[in-house]
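# Summary of structural features
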Amino acid sequence: MARSTLLPAKRPANSRERFVVMTAKLMSRRGYAGVGLNEIVEKSGAPKGSLYHFFPNGKEQLAAAAVDWAAECFLQTLSQAIAQAGSAADA
């Protein structure tokens, strides 16, 4: 079966992707309120100045991008499981 964790298939290619992926991972564990921008910057390894370049509206915009990314991961995982099983009921 497909993996169920929020892990990209490859290392995020740029600072924007690193922010989004790390935010999704941290929010999946502690929620929106439990994650701060400084922690996201530290754990992503991306430059802090890039955060406001890519997300000028701050944490809310970054969180929305992270939720979109996580939803896409879920959709891909679900689609793969259905394709491998042959039907949604079997998946």
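Refer to the structure above for everything that follows.
Residues numbered from 1 in each chain as written. Predicted model: local features only at pLDDT ≥ 70, side-chain atom pairs only at ≥ 80, totals over all residues. Heavy atoms only, no water.

## Some points on the packing of helix H1 (residues 15-30) against helix H2 (residues 37-44)
Taken N-terminus to C-terminus, the directions of H1 and H2 make an angle of 120°; their axes are 9 Å apart at the nearest point. Taken as axis vectors, H1 and H2 run oblique relative to one another. Regarding H1 and H2, the two cross each other, and that crossing is right-handed. Across from Arg-18, Phe-19, Met-22, Thr-23, Leu-26 and Arg-30 in H1, the residues of H2 making contact are Glu-39, Ile-40, Val-41, Lys-43 and Ser-44. The residue inventory of the contact of H1 with H2, partitioned by class, reads five nonpolar, two polar and four charged. (Axes fitted to C-alpha atoms, helices over the stretch in contact; angles between N-to-C directions. Helix = DSSP H or I, 4+ residues; strand = E, 2+ residues; numbered from the N terminus. Parallel < 35°, antiparallel > 145°, perpendicular 65-115°, else oblique. Left-handed = near helix turned anticlockwise from the far one by under 90°. Contact = heavy atoms within 4.5 Å. Nonpolar A, V, L, I, M, F, W, Y, C, P; charged D, E, K, R; others polar.)

## Section: the packing of aromatic side chains
Applying the stated rule across the entire model yields zero aromatic pairs. In this arrangement the basic side chain of Lys-59 is found over the ring face of Tyr-32, its NZ or CZ atom lying 4.3 Å from the centre. (Phe/Tyr/Trp six-rings, centres within 6.5 Å; stacked < 30°, edge-to-face > 60°. Lys NZ or Arg CZ within 6 Å of the ring centre and 35° of its normal.)

## Let's talk about the pattern of salt bridges
This structure, assessed with the given rule, holds two salt bridges. Between Glu-39 and Arg-30 there is a salt bridge, and its shortest N-O distance comes to 2.3 Å. According to the relative accessible area criterion, Arg-30 is partly exposed, its value standing at 40%. Two residues, Lys-43 and Glu-39, come together in a salt bridge whose shortest N-O distance is 3.5 Å. With a gap of four residues between them, Lys-43 and Glu-39 both fall in helix H2, about one helical turn apart. (Salt bridge = Lys/Arg side-chain N within 4 Å of Asp/Glu carboxyl O. Buried < 20%, exposed > 50% of the residue type's maximum accessible area, 1.4 Å probe, protein only.)

## A few points about the environment of Ala-64
By the element assignment, Ala-64 lies in helix H4 (residues 59-85). On the basis of relative accessible area, Ala-64 is assigned to the partly exposed category, the value being 39%. Through-space distance from the C-alpha of Ala-64 to that of Ala-24 is 9.4 Å; in sequence the pair is 40 residues apart.

As far as function goes, none of this settles anything; it's purely spatial.
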